[in-house]
Amino acid sequence: MEMEDIEDVLGPAGLAGGRAPPVLRLPLAAVAVKPKRPRSSRVAQTRPQPEARIPGTQSDSEYMSGQLSAFGYAITEEPEGADLWLINTCTVKNPSQSAMTTLISKCKSANKPLVVAGCVPQGSRDLKELEGISVIGVQQIDRVVEVVEETLKGHEVRLLSRKTLPSLDLPKVRKNKFIEILPINVGCLGACTYCKTKHARGHLGSYTIESLVDRVKIVVSEGVREIWLSSEDTGAYGRDIGTNLPNLLNAIVAELPADRSTMLRIGMTNPPFILEHLKEIASVLCHPCVYSFLHVPVQSGSDAVLTAMNREYTVSEFRRVVDTLCELVPGMQIATDIICGFPGETGEDFSQTVNLVKEYQFPQVHISQFYPRPGTPAARMKKVPSVEVKKRSRELTSVFESFSPYQGMEGKVERIWITEIATDGVHLVGHTKGYIQVLVIAPDSMLGTSADVKITSVGRWSVFGEVIEGSVVAKETQKQNHTELQEEYRPSQVEEATCCGMDSCGTCACSDAAQQCPERSENSTPQTCGDATHQEAVQSKLVRRNVEGTVKSSESDTAKQVGKIQRLNVAARRFPNVDTILWGGLAVSFATTVTLIALLAYKISSTPSY
């Protein structure tokens, strides 16, 4: 069985929680689970393209992997040897659906049984490509084992009816054992004219605060170091059950370890639903266990275009959100989304968008060309010529890439939380309190730890750091009473997308990597820009150039850094403690003395007497 997220196939269609370029991120492989009873069927979990972390879709994949593993199926990364493929889909953009179609063709050519899950079959159940294929909807993932069993027997199964929210306590296999993607609700309250996701995910449905807090307690006890809250719109949480986002955030923060070993990342939120809670959310973002990072999609700098999109806010309201958070939260980092070429967008409308990006110089911008989705109002609107759309996308990408968002960080000391291995095979990936990606050369044993680092150089997409000796906080730390921490940082008591990461109504918030549209990522999932096809190549080249530049142009500094780290590791691994050294020294001295006395006695006894 092969399990793939469609957005993972596409790569950096999204922002994984504001993470840096896709090519530098590598999710850990799924954890192997010993079968409870012998089975011949194997599940192939193909390693996804690094930075496409889809907070909603990926979370669904992890739950499905967990249930199949718990039932005795083996998750494999070899599609050819799998007995069945399971494709989990996102419906934000046409490329996602095209990728699904390609995978279905490959599966049929390989003559493998197939199950398609997620937003595409839920929102477009009559697609010709899905004829004769087993499908499972977004709210039926707790029945994935049943669907797989029947499909392997040669039966076609279609489970698409709506029901209650899936349990948060289903077995789960995380792609990264240090990161928990926690869906707080499904669906949304918006009605964006270009969005297809609501067709699949439906109206807002929130999990209770109690169930989410219980899940947080469990994952913290399991050693998770980052919790990503995922949703089509985090800010809308609780409006269907008589509560709100600040209440949830305060309850979750109260359960985070006082030693800051586990950090919380808040998911994408559209401007309308946080305007009334700005101060409360800012207070939570100031908490030492919460990343000072938020993904707030603007989509356009023109009120006329926002009205055509039915986004339910103005540019001035977006500005108020950003200005307030940046004023109240030290080191605040804002990621945003832009759609280029929305139907009716004039040259003046686009100029306003460019000016907005220039003014704020967002460190992470997820730039997307408009894709008409069948069945949406925007699909019936008069389109901007594709040549012009591409031109605008390239122009905005060029503007974004001209910024140096991390200039001035060189020489500073930052605390980072390390959770991933970079795909260059050299660096580990950590994030600052503001969720800025930091690459360090360090042993894998540092995964799941936090450490102080000195920033040694600054790149366009990431910064590079050197771990300060003696600053590493171990993975296993004694649980402490965090009443003291809660008192010191008591918040005001007022406050990429299950399917698609961040802005399910937008560029592909599904795009975690949003959040990695993270989450973001994806991790972030990433700091993404440009159109989906051009974006990965550009970022890949830039990121790799930064890595190579650091190694080659600063060879002596790097050598010193590597040498220092290696010496530190050798000391940690090989040197015994002080008591052992002292006793060892005494033993050597005693042995030496005995040897000398023996030699002297032998010398005396062997000397002839006259």
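Residues numbered from 1 in each chain as written. Predicted model: local features only at pLDDT ≥ 70, side-chain atom pairs only at ≥ 80, totals over all residues. Heavy atoms only, no water.

Novice: What should I look at first to understand the sheet that holds strand S11 (residues 226-230) in this one?
Specialist: Either a parallel or an antiparallel arrangement is found when strands of a sheet pair, and the pairing is made through backbone hydrogen bonds. Read across the sheet, three strands follow the order S8-S11-S12 without closing on themselves; strand pairing throughout is parallel. The open sheet is flanked by strand S8 (179-183) and strand S12 (263-265), the only strands paired with a single partner. With strand direction ignored, the average angle separating the axes of adjacent strands in the sheet is 20°. Across five bridges, S8 lies against S11 in parallel orientation. Paired with leucine 182 across the two strands is leucine 229, which belongs to S11. (Pairing = 2+ DSSP bridges. Helix = DSSP H or I, 4+ residues; strand = E, 2+ residues; numbered from the N terminus. Axes fitted to C-alpha atoms, helices over the stretch in contact; angles between N-to-C directions.)

Novice: Sorry, what's going on with the packing of aromatic side chains here?
Specialist: The relative placement of two aromatic rings is captured by the distance of their centres and the angle of their planes. Within this structure, the stated rule accounts for nine aromatic pairs. Measuring from centroid to centroid gives 6.0 Å for tyrosine 194 and phenylalanine 342, while their planes differ by 75°, and the two rings are edge-to-face. With a gap of 148 residues between them, tyrosine 194 in the loop between strand S9 (185-186) and helix H6 (197-201) and phenylalanine 342 in the loop between strand S14 (333-340) and helix H12 (347-360) connect regions that are remote in the sequence. Here the two residues tyrosine 194 and phenylalanine 342 agree in accessibility, since each one is buried. Between arginine 460 and the ring centre of tryptophan 461, over which it is positioned, the NZ or CZ distance is 4.8 Å. (Phe/Tyr/Trp six-rings, centres within 6.5 Å; stacked < 30°, edge-to-face > 60°. Buried < 20%, exposed > 50% of the residue type's maximum accessible area, 1.4 Å probe, protein only. Lys NZ or Arg CZ within 6 Å of the ring centre and 35° of its normal.)

Novice: What is the right way to look at the pattern of salt bridges in this model?
Specialist: For side chains of opposite charge, pairing can occur when their charged atoms come near one another. What the rule picks out here adds up to nine salt bridges. With a shortest N-O distance of 2.9 Å, glutamate 276 and arginine 239 are connected by a salt bridge. Here glutamate 276 is found in the loop between S12 and helix H9 (278-285), whereas its partner arginine 239 is found in the loop between S11 and helix H8 (245-253), with 37 residues between them in sequence. Note on glutamate 276: relative accessible area 51%, which makes it exposed. On the basis of relative accessibility, which here comes to 36%, the residue arginine 239 falls in the partly exposed class. For arginine 392, the salt bridge identified is with glutamate 388, shortest N-O distance 2.9 Å. Here glutamate 388 and arginine 392 lie together in helix H13 (residues 386-401), a separation of four residues that amounts to about one turn. Since its relative accessible area comes to 27%, glutamate 388 is described here as partly exposed. Because the salt bridges share partners, they merge into one network encompassing Arg174, Glu180, Arg215 and Glu222. (Salt bridge = Lys/Arg side-chain N within 4 Å of Asp/Glu carboxyl O.)

Novice: What is the right way to read the side chain of asparagine 244 from this model?
Specialist: The residue asparagine 244 is located in the loop between S11 and H8 in this model. Within the local environment of asparagine 244, its side chain forms a polar contact with the backbone nitrogen of asparagine 247, the two atoms lying 3.0 Å apart. (Polar contact = N/O pair within 3.5 Å; in protein donor to acceptor, adjacent residues only side chain to side chain.)

Novice: What am I meant to see in the pairing of S14 here?
Specialist: Each regular strand carries side chains that alternate between the two faces of the sheet. The element S14 is extensively covered by neighbouring structure, given that eight of its eight residues are classed as buried. Burial along S14 is two-sided: the face carrying Gln333, Ala335, Asp337 and Ile339 and the face carrying Ile334, Thr336, Ile338 and Cys340 are both buried. Here strand S13 (residues 293-295) runs beside S14; their pairing, made up of three bridges, is parallel. For leucine 294, the partnering residue across the bridge sits in S14 and is isoleucine 334. Bridging between S14 and strand S15 (residues 364-369) involves six bridges; their strand directions are parallel. By the bridge assignment, alanine 335 is partnered in S15 with glutamine 364.

Novice: Got a minute to help me understand the sheet that holds strand S18 (residues 437-440) in this structure?
Specialist: Taking strand neighbours around the barrel as the criterion, the five strands line up as S16-S17-S18-S20-S19 in a closed arrangement whose pairing is mixed. Taking the axes of each pair of neighbouring strands and ignoring which way they run, one obtains an average angle of 55° across the sheet. One ladder, built from four bridges, connects strand S16 (residues 413-421) with strand S17 (residues 428-431); its direction is antiparallel. By the bridge assignment for S17, glutamate 420 is matched with valine 429.

Novice: Is there a simple way to think about the packing of helix H11 (residues 315-328) against H12 in this case?
Specialist: For the pair H11 and H12, the least separation of the axes is 13 Å and the interaxial angle reads 10°. Viewed along their axes, H11 and H12 adopt a mutual orientation that is roughly parallel. When the axes of H11 and H12 are compared, the crossing they make is right-handed. Within the contact between the two elements, H11 uses Val315, Phe318, Arg319, Val322 and Asp323 and H12 uses Leu356, Glu359 and Tyr360. (Parallel < 35°, antiparallel > 145°, perpendicular 65-115°, else oblique. Left-handed = near helix turned anticlockwise from the far one by under 90°. Contact = heavy atoms within 4.5 Å.)

Novice: Can you walk me through helix H7 (residues 209-221) in this structure?
Specialist: One full turn of an α-helix is made of 3.6 residues, so residues set three or four places apart face in the same direction. Taking 1.5 Å of rise per residue, 13 residues should cover 18 Å, and H7 covers 18 Å from first to last C-alpha, within 8% of that figure. Residues of H7 that are buried include every one of Ile209, Leu212, Val213, Arg215, Val216, Val219 and Val220, and no others. Projected down its long axis, H7 shows its buried positions confined to an angular sector of 160°, all on one face. Backbone geometry just after H7 places glycine 223 at a positive phi near 95°. (Expected span 1.5 Å × (residues − 1). Arc of directions from axis to C-beta.)

Novice: What should I look at first to understand the environment of glutamate 410 in this one?
Specialist: Position of glutamate 410 among the secondary structure elements: in the loop between H13 and S16. Of the residues examined, glutamate 410 reaches a relative accessible area of 52% and is grouped as exposed. As for glutamate 410 and phenylalanine 464, which are separated by 54 residues in sequence, their C-alpha atoms are 8.8 Å apart. Apart from the residues within four sequence positions on either side, glutamate 410 is in contact with Ile455, Thr456, Ser457 and Val458.

Novice: For this particular structure, what's the right way to read the environment of serine 61?
Specialist: Inspection of the secondary structure assignment puts serine 61 in helix H2 (residues 55-70). Its relative accessible area of 1% is what places serine 61 among the buried residues. Considered as a pair, serine 61 and arginine 174 are 113 residues apart in the sequence and their alpha carbons are 8.8 Å apart. Of note is the side chain of serine 61, whose polar atom sits 2.9 Å from the side chain of asparagine 88.

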